[in-house]
Amino acid sequence: MGPRIGPVGREPQMSDKDTEATMGTEDTPRGKASPDSQDLRPSVFHSIKFFVLCHSLLQLAQLMISGYLKSSISTVEKRFGLSSQTSGLLAAFNEVGNTALIVFVSYFGSRVHRARLIGYGAILVALAGLLMTLPHFISEPYLYDRSSPVDMPQDFEASLCLPTSAPAPASSNSSCSSYTEAQHVAVVGIMFAAQTLLGVGGVPIQPFGISYIDDFAHNNNSPLYLGILFAVTMMGPGMAYGLGGLMLRLYVDIDRMPEGGISLTSKDPRWVGAWWLGFLISAGAVALAATPYFFFPREMPKEKHELHFRRRVLAVVSKDEDSPSEQSPGESPEKKGLAQIAPDLTVIQFIKVFPRVLLRTLRHPIFLLVVLSQVCMSSMVAGMATFLPKFLERQFSITASYANMLIGCLSIPSAIVGIMVGGFLVKRLHLGPMRCSALCLLGALLCLLLSLPLFFMGCPTHQIIGITRQPGTQPGLELFPGCMEPCSCPSDDFNPVCDPSAHVEYLTPCHAGCTNRVAQEALDTSQAFYTNCSCVTGGGPVQAGSCDSACSHLVLPFMLLVGLGAASACVTHTPSFMLILRGVKKEDKTLAVGIQFMLLRVLAWMPSPVIHGSAIDTTCVHWAWSCGRRAVCRYYDHDLLRNRFIGLQFFFKMGSLACFALILAILRQQDKEEGTKVACSGLQQHLLVPGPEKKPEESRV
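Residues numbered from 1 in each chain as written. Predicted model: local features only at pLDDT ≥ 70, side-chain atom pairs only at ≥ 80, totals over all residues. Heavy atoms only, no water.

## Notes on the overall build of the protein
The following threshold applies: Per the convention used, a helix needs a DSSP run of H or I reaching at least four residues, while a strand needs a run of E reaching at least two, with both numbered from the N terminus. Note on exposure labels: buried denotes an accessible area under 20% of the residue type's maximum, exposed denotes more than 50%, and partly exposed covers the range between, all computed with a 1.4 Å probe on protein chains only. Whether two residues touch is decided by their heavy atoms; if any such pair falls within 4.5 Å, the residues are in contact. Note that accessible areas follow from Shrake-Rupley with a 1.4 Å probe, and for residues the cover is restricted to the protein chains shown.
A tally of regular secondary structure across the protein gives 25 helices and 8 strands. A total of 701 residues make up the protein; the buried ones form 53% of that total. A sequence separation of at least 24 residues applies to 80% of the contacts in the protein between residues at least 6 apart. Counting only carbon and sulfur atoms, one obtains 63% of the accessible surface of the protein, whose full area is about 31000 Å².

## Quick notes on the pairing of strand E7 (residues 620–626)
Put simply, the rule is: For two strands to be treated as a pair, DSSP must find at least two bridges joining them.
Most of E7 is tucked away: 5 of the 7 residues are buried. Inspection of the sheet shows E7 paired to strand E8 (residues 629–636) by 5 bridges, in the antiparallel sense. Along E8, the bridge assignment pairs Trp 625 with Arg 630. Counted between consecutive antiparallel strands, the loop separating E7 from E8 contains 2 residues, among which Cys 627 sits at a positive phi close to 55°.

## Comments concerning the environment of Val 203
Relative to the helices and strands, Val 203 resides in the loop between helix H9 (178–201) and helix H10 (205–216). Sequence-wise, Val 203 and Glu 95 are 108 residues apart; in three dimensions their C-alpha atoms are separated by 9.8 Å.

## Re the nonpolar core
Counted only if it meets this: In this description, a nonpolar core means a group of buried Ala, Val, Leu, Ile, Met, Phe, Trp, Tyr and Cys residues linked to one another through side-chain atoms lying within 4.5 Å.
The biggest cluster of nonpolar side chains holds 61 residues, and the ones touching the most others in it are Ile 48 and Ile 213. Sorting elements by how many residues they give to this core places helix H3 (residues 48–71) first, with 9 residues. Those residues in contact with Ile 48 that lie beyond four places of it in its chain are Tyr 212, Ile 213, Phe 216, Ala 217, Tyr 225, Met 300 and Glu 303. Of all hydrophobic cores here, the second largest spans 40 residues; its members include Leu 358, Cys 436, Cys 440 and Ala 569.

## Here we look at helix H19 (residues 433–451)
Rule in force here: Multiply 1.5 Å by the residue count of a helix minus one, and that product is the helix's expected span.
Counted at 1.5 Å a residue, the expected span for H19 with its 19 residues is 27 Å, and the 27 Å between its end C-alpha atoms agrees. What H19 keeps buried is the set Cys 436, Ser 437, Leu 439, Cys 440, Gly 443, Ala 444, Cys 447, Leu 448, Leu 450 and Ser 451.

## Let's talk about the packing of aromatic side chains
Put simply, the rule reads: In summary, the pairing rule links any two rings of Phe, Tyr or Trp, Trp by its six-membered ring, whose centres are within 6.5 Å, and it sorts them by plane angle into stacked for under 30 degrees, edge-to-face for over 60 and tilted for everything else. Charge-over-ring placement is defined geometrically: NZ (Lys) or CZ (Arg) within 6 Å of the ring centre, and within 35 degrees of the ring normal.
Applying the stated criterion across every chain, the model contains 23 aromatic pairs. Both rings, one in Phe 51 and one in Phe 296, keep their centres 5.1 Å apart while their planes meet at 80°; by these two values the pair is edge-to-face. Within this pair, whereas Phe 51 is found in helix H3, its partner Phe 296 is found in the loop between helix H13 (275–290) and helix H14 (310–314), the two being separated by 245 residues in sequence. A relative accessible area of 0% places Phe 51 in the buried class. Pairing Phe 93 with Phe 192 gives two aromatic rings, centres 4.9 Å apart and planes at 85°, and the pair type is edge-to-face. You can see Phe 93 sitting in the loop between helix H5 (84–92) and helix H6 (94–102) and its partner Phe 192 sitting in helix H9, a full 99 residues away along the chain. Judged by its relative accessible area of 15%, Phe 192 falls in the buried class. Following the ring pairs from residue to residue traces out a cluster consisting of Phe 45, Phe 50, Phe 51, Tyr 212, Phe 216, Tyr 293, Phe 295 and Phe 296. The lysine or arginine in question, Arg 630, covers the ring of Trp 623, its NZ or CZ lying 4.0 Å from the ring centre.

## Looking at the side chain of Gln 183
Using the following cut-off: Here a polar contact means two N or O atoms within 3.5 Å. Within protein one must be a hydrogen donor candidate and the other an acceptor candidate, and residues neighboring in sequence count only if both atoms are side-chain atoms.
By the element assignment, Gln 183 lies in helix H9. For Gln 183, a relative accessible area of 18% translates into the label buried. At 3.0 Å, the side chain of Gln 183 and the backbone oxygen of Ile 138 are in polar contact. Those residues within four positions of Gln 183 in sequence are excluded, and the remaining contacts are Ile 138, Ser 139 and Glu 140.

## Some words on the pattern of salt bridges
In a structure, side chains of opposite charge can pair up when their charged atoms sit close to one another. So the rule is basically this: By definition here, a salt bridge exists when the distance from a side-chain nitrogen of Lys or Arg to a carboxyl oxygen of Asp or Glu is within 4 Å.
Following the criterion strictly, the structure yields 6 salt bridges and no others. In this structure, Glu 77 engages Lys 390 in a salt bridge whose closest nitrogen and oxygen atoms are separated by 2.5 Å. Of this pair, Glu 77 sits in helix H4 (residues 73–80) while Lys 390 sits in helix H17 (residues 365–396), and the two are 313 residues apart along the sequence. In this pair, the class of Glu 77 matches that of Lys 390, namely buried. A salt bridge links Glu 95 to Arg 601; the shortest N-O distance between them is 3.1 Å. Here Arg 601 lies in helix H22 (residues 589–605) and Glu 95 lies in helix H6, a separation of 506 residues in the sequence. Residues Glu 95 and Arg 601 agree in their burial class; the two are buried.

## Looking at the packing of H5 against H6
The following threshold applies: Lines fitted to C-alpha atoms define the axes here, with helix axes fitted over just the stretch in contact, and angles between the N-to-C directions of these axes take values from 0 to 180 degrees. Amino acid classes used here: Ala, Val, Leu, Ile, Met, Phe, Trp, Tyr, Cys and Pro are nonpolar; Asp, Glu, Lys and Arg are charged; the rest, including Gly, are polar.
One can describe the packing of H5 onto H6 by two numbers: an axis separation of 4 Å at closest approach and a directional angle of 35°. Each of Leu 90, Ala 91 and Ala 92 in H5 lies in contact with H6, whose residues at this interface are Asn 94, Glu 95 and Val 96. Of the residues that constitute the contact of H5 with H6, the class distribution is 4 nonpolar, 1 polar and 1 charged.

## Re the state of the cysteines
Put simply, the rule is: Here, a disulfide means two cysteine sulfur atoms that sit within 2.5 Å of each other.
Applying the stated criterion across every chain yields a total of 4 disulfides. Here Cys 514 connects covalently by a disulfide to Cys 533, the sulfurs 1.9 Å from one another. With the S-S bond torsion at 100°, the cross-link from Cys 514 to Cys 533 turns out right-handed. Here Cys 533 lies in the loop between strand E5 (526–531) and strand E6 (542–544) and Cys 514 lies in the loop between strand E3 (504–506) and strand E4 (516–521), a separation of 19 residues in the sequence.

The following block contains the structure:
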């Protein structure tokens with residue numbers, strides 16, 4: 001995801017030691033031939049095919065650990081009392097460290113041992129994943145019922161209607177202390193630091209890996225290897241959601257379960273899954289994948305033979321025509337861009353030259369419009385990837401585990417298919433810039449049309465007794481029915497119960513006036529019911545947990561439309577890349593791709609999760625409060641949530657469509673002007689030629 005870097009200009013001038021390495025001789029670090037070099041000649045670490053395999057596995061693991069937080073974003077919010085805006089900022093911090101350092105990849109590309117630097121970056125990613133799990137181990141065990149005394153099994157007699165003479169349970173705010181607040185700040189700070197390190201560690205992995213493959217693979221095999229690399233890598237986000245779906249089925253404190261057990265099920269809104277376990281597994285996978293990189297040489301023998309089955313496989317992975325293979329080391333470019341001359345510059349000179357080349361590249365109208373369209377599309381993807389699981393949980397009353405499984409099994413594969421279809425069409429139909437822009441316009445238009453039905457696929461929030469409709473305010477007791485006045489119910493307790501006959505929800509059994517709890521045992525689970533409820537017609541019983549949505553059956557059609565929209569949007573991926581590669585100067589192609597990814601991070605992947613999180617927060621109708629501060633949102637206005645979340649997506653899709661329409665208009669205008677110039681120049685040439693040459697021109701005119 002950056003400019004192709006590598007010793008492009010240095011390859012013809014190889015030292016004796018490099019020549020020996022090219023011949024297959026293993027060298028010692030001191031430059032002397034090892035006595036057993038003949039035995040080391042067929043080492044697997046001198047095979048570019050083995051490097052492609054290792055790099056595919058590493059990028060797969062890296063994307064899995066980078067995307068795992070998005071699969072458990074709502075769980076982290078509930079566990080640590082975060083708003084959606086804060087959690088969106090946390091997800092975006094992954095891009096901060098990456099963006100700050102990615103520009104210097106071109107400078108350091110040919111000055112370092114790329115394979116080892118990839119290994120060091122992967123180790124840093126693994127350590128960042130371990131650091132993300134630290135808040136779980138330094139925090140107190142999760143108390144899903146704060147009104148329950150420590151020595152009493154949670155959710156047993158707590159939250160019941162107590163007589164007036166009995167004191168009300170202590171509020172959670174009364175237990176606040178400077179230590180509690182300091183612990184909360186430390187936990188949040190650790191997660192932000194871990195996300196930053198996660199981005200820093202990922203800086204060298206993809207750019208250095210791509211350039212390493214491009215430098216030492218056969219020129220005709222490089223597109224195939226990069227196609228295999230990207231195809232395997234794209235499965236990373238899907239595996240992240242799948243891993244999240246599995247881990248969130250387990251209780252968060254599975255390593256320190258209370259003696260009396262828990263009475264929660266994964267359908268309970270207070271359920272918190274084992275979010276930290278996925279980071280442990282992903283960090284272990286990254287660490288294992290990083291090990292081989294410390295054994296690869298700085299330079300390996302150039303691959304000599306073209307694969308015989310290259311054309312057959314390339315037809316499948318032709319989506320990767322946008323690979324940097326055009327800048328292969330075999331070329332001897334007459335002109336050099338910044339990426340090629342970077343090895344000859346000092347750091348200060350590189351910093352001085354970069355802004356001028358950046359401005360020169362941004363002056364190109366096609367490049368600027370393509371990047372803006374991709375910014376809009378990436379903003380839509382970033383917001384959807386971060387908060388779609390939470391949206392599905394709230395809108396359709398499904399578990400976090402099921403929401404992740406749906407996304408991992410439907411949306412991600414649809415996006416992969418869309419990228420492959422776009423690449424296949426560009427390759428098969430030999431699309432030029434004009435037709436590429438038309439294909440992008442068609443994909444964006446189809447994506448926009450598929451999002452229109454999403455505005456109407458949902459239900460309003462069911463009735464919740466005592467919840468105000470003004471966002472950001474605590475419910476007042478005057479809003480509750482008079483039947484619960486003798487109960488001394490704490491205002492900040494949360495143990496929802498549902499009256500299925502009236503489809504009405506209460507914050508706690510106490511607010512429903514219930515005085516008794518009955519547990520109904522089943523084969524594998526136990527369902528809690530509350531009876532003698534003075535606020536419920538007939539006295540109950542009411543069941544523990546929130547009321548199910550009346551629109552739960554719409555989740556599969558909703559996800560089907562989302563998947564089709566994702567496929568349509570991803571069809572534009574390869575053609576838009578081709579517009580960039582064919583629209584800028586040859587010597588600036590490498591840097592143009594790097595600038596493109598830098599702008600996508602700064603303008604889309606960093607702000608978009610925060611924007612979507614802020615929009616989601618504005619739809620909250622009941623906040624939990626902790627130590628006087630606003631914590632996690634407990635209830636949303638479902639209609640408002642759907643309209644603002646889908647509306648924000650619709651806005652970004654409209655922006656992308658408008659940019660592609662402008663690109664097509666500009667290309668048509670340029671094509672007309674070029675045709676006019678060619679016709680005029682041809683006419684002048686034929687007019688200057690006497691005799692027989694003039695007649696056909698006159699007849700043609």
